[in-house]
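Secondary and tertiary structure notes
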Amino acid sequence: MAAERGTEGEIDLRAYGQRVIARWWIVAIFVVLGVIASFTITRSSSKNLTQGVATVYLGQPVSPNGSLVPNPLSSNPLYATALARQRQYQAVAEEAAGLPDGALKGHVSVALISTAVGVKGTAVPLAQITVQGPFTPVQSADAANSIAEQVVAKSNAYTSAKKDAVVASRDALQARIDALAADADELKAQLDDLAKANVGAAERASLTAPLLGMLQYDSNTEALLQEQLPDLQAQVDYIENVEAGSVITPARGAKVAPTSKQFSLLIAVILGLIVGVLAAIISSVIWPVRPVIDRDSTS
């Protein structure tokens, strides 16, 4: 009978169930195929799959007046991710690991793993750079370490320039101190020679007085400069160990643990059931089951 106007026809699920039951062997075939495919893929994908994971500290730069640099780009994990995916950085890593050109494409990832306390209690992210693929353990480790070092070097552009300036000041100060020490030694040698010279007391005193004055000046100046040297060295150490990013844990290659066989098997069975049911329904439409005609016996 036709459905009344304004009403919708009911869907008879029993008919679909009967179709699936009638073609149960199709469902069974797809379930078996799914199990076989899952076993094959799991075995082949886990074979020779290795990874190397390097942990890096992205740093927390400080301005020359001692205040924190607000929201530095170099400390953002997204910045590290963008660098690690750049072809130019991966090419260097491929060469360092002895991999063919383009081998790292799609095999590098960067993830935020925790938050460390940086300068003045500021939260600074730690990131993991992972290389995973069909490589040897050594190749995975070398590639991950190469990318980690490149990311750290790029992130330290500001702190490296700042460190170079402080180191230059420290070295110039040390050179000045060494020059003053050399002048003092020369003045002392002149005073010793003058003490041994055969001159009168008045002449010796007139010659000794200016030498003693210069020696006193050099000694006082050297002492003042020596007091400044530890501060400059402390700044260098602070930049290297606190402000600048670094590779905290170098990568070590290891084989990747295979995917859980039970979980893969469950997914394969579910997918096989779904595809098999759909195939059974579609096949019953394309090749319908011939109805069995009952013949009544006649006398």
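Preceding this section is the structure that the text describes.
What you see is a predicted model; the values in this text were computed from it and never measured.

1. Quick look at the pattern of salt bridges
One pass over the structure, following the stated rule, counts five salt bridges. Note that Glu243 and Lys162 form a salt bridge whose closest N and O atoms lie 3.2 Å from each other. Of the two residues, Glu243 sits in helix H7 (residues 201-243) while Lys162 sits in helix H6 (residues 157-196), which places them 81 residues apart along the sequence. Each member of the pair Glu243 and Lys162 is classed as buried. Note that Arg170 is salt-bridged to Asp171, the shortest N-O span being 3.2 Å. One network of salt bridges, with partners in common, ties together Arg87, Glu94 and Asp101.

2. Quick word on the nonpolar core
Core analysis: the biggest nonpolar cluster contains 27 residues, and Val56, Leu104, Ile129, Val131, Ile147 and Val151 have the highest contact counts within it. Looking at this core, the elements with two or more residues in it are strand S1 (50-57), helix H3 (77-84), helix H4 (87-97), strand S2 (108-117), strand S3 (123-133) and helix H5 (137-155). At seven residues, H5 tops the list of elements feeding residues into this core. What Val56 contacts, discounting residues up to four positions off in sequence, is Leu126, Ala127, Ile129, Ala148, Val152, Ser246, Val247 and Ile248. If you look at the next biggest cluster of nonpolar residues, it comprises ten residues, including Val167, Leu173, Leu180 and Leu229.

3. Quick notes on the environment of Glu94
With respect to the helices and strands, the residue Glu94 is situated in helix H4. Take Glu94: its relative accessible area is 2%, and that puts it in the buried class. Those residues in contact with Glu94 that lie beyond four places of it in its chain are Arg87, Leu99, Pro100, Asp101, Gly102, Ala103, Leu104 and Lys105.

4. Looking at a nonpolar patch on the surface
On the surface, Leu266, Ile267, Ile270, Leu271, Ile274, Val275, Leu278, Ile282, Ile286 and Trp287 cluster together to form a nonpolar patch covering roughly 960 Å² of accessible area. For Val275, the position within the fold is in helix H8 (residues 261-286). By relative accessible area, Val275 is classed as partly exposed at 41%.

5. Details of the environment of Ile26
Within the secondary structure, Ile26 sits in helix H2 (residues 24-46). In this structure Ile26 comes out as buried when scored by relative accessible area, which is 9%. Sequence separation between Ile26 and Ser283 is 257 residues, and the spatial gap between their C-alpha atoms is 9.0 Å. Excluding its chain neighbours within four sequence positions, the residues that come into contact with Ile26 are Gly276, Ala279, Ala280 and Ser283.

About the thresholds
Sequence order as written defines the numbering, with residues in each chain counted from 1. Selection of residues for local features in this predicted model requires a pLDDT of at least 70, selection of side-chain atom pairs for listing and counting requires 80 or more, and totals for whole chains, interfaces and linings are taken over all residues. Hydrogens and waters are ignored; side-chain quantities use all the structure's heavy atoms. Salt bridge, as used here, is a side-chain nitrogen of Lys or Arg placed within 4 Å of a carboxyl oxygen of Asp or Glu. In this text, helices come from DSSP runs of H or I with a minimum length of four residues, and strands from runs of E with a minimum of two, each type numbered from the N-terminal end. The buried label applies to any residue whose accessible area, calculated with a 1.4 Å probe on protein chains only, is under 20% of its type's maximum; exposed applies above 50%, and partly exposed to all values in between. As used in this record, nonpolar core signifies buried Ala, Val, Leu, Ile, Met, Phe, Trp, Tyr and Cys residues forming a set joined through side-chain atoms within 4.5 Å. Working rule for contacts: check all heavy atoms of both residues, and any pair within 4.5 Å makes them a contact. Patches here are clusters of residues that have more than 30% relative accessible area and form no salt bridge, with a 9 Å joining cutoff for like charges and a 5 Å cutoff for nonpolar side chains (Val, Leu, Ile, Met, Phe, Trp, Tyr). Throughout, the Shrake-Rupley method with a 1.4 Å probe supplies accessible areas, and for residues the shown protein chains are the sole cover considered.

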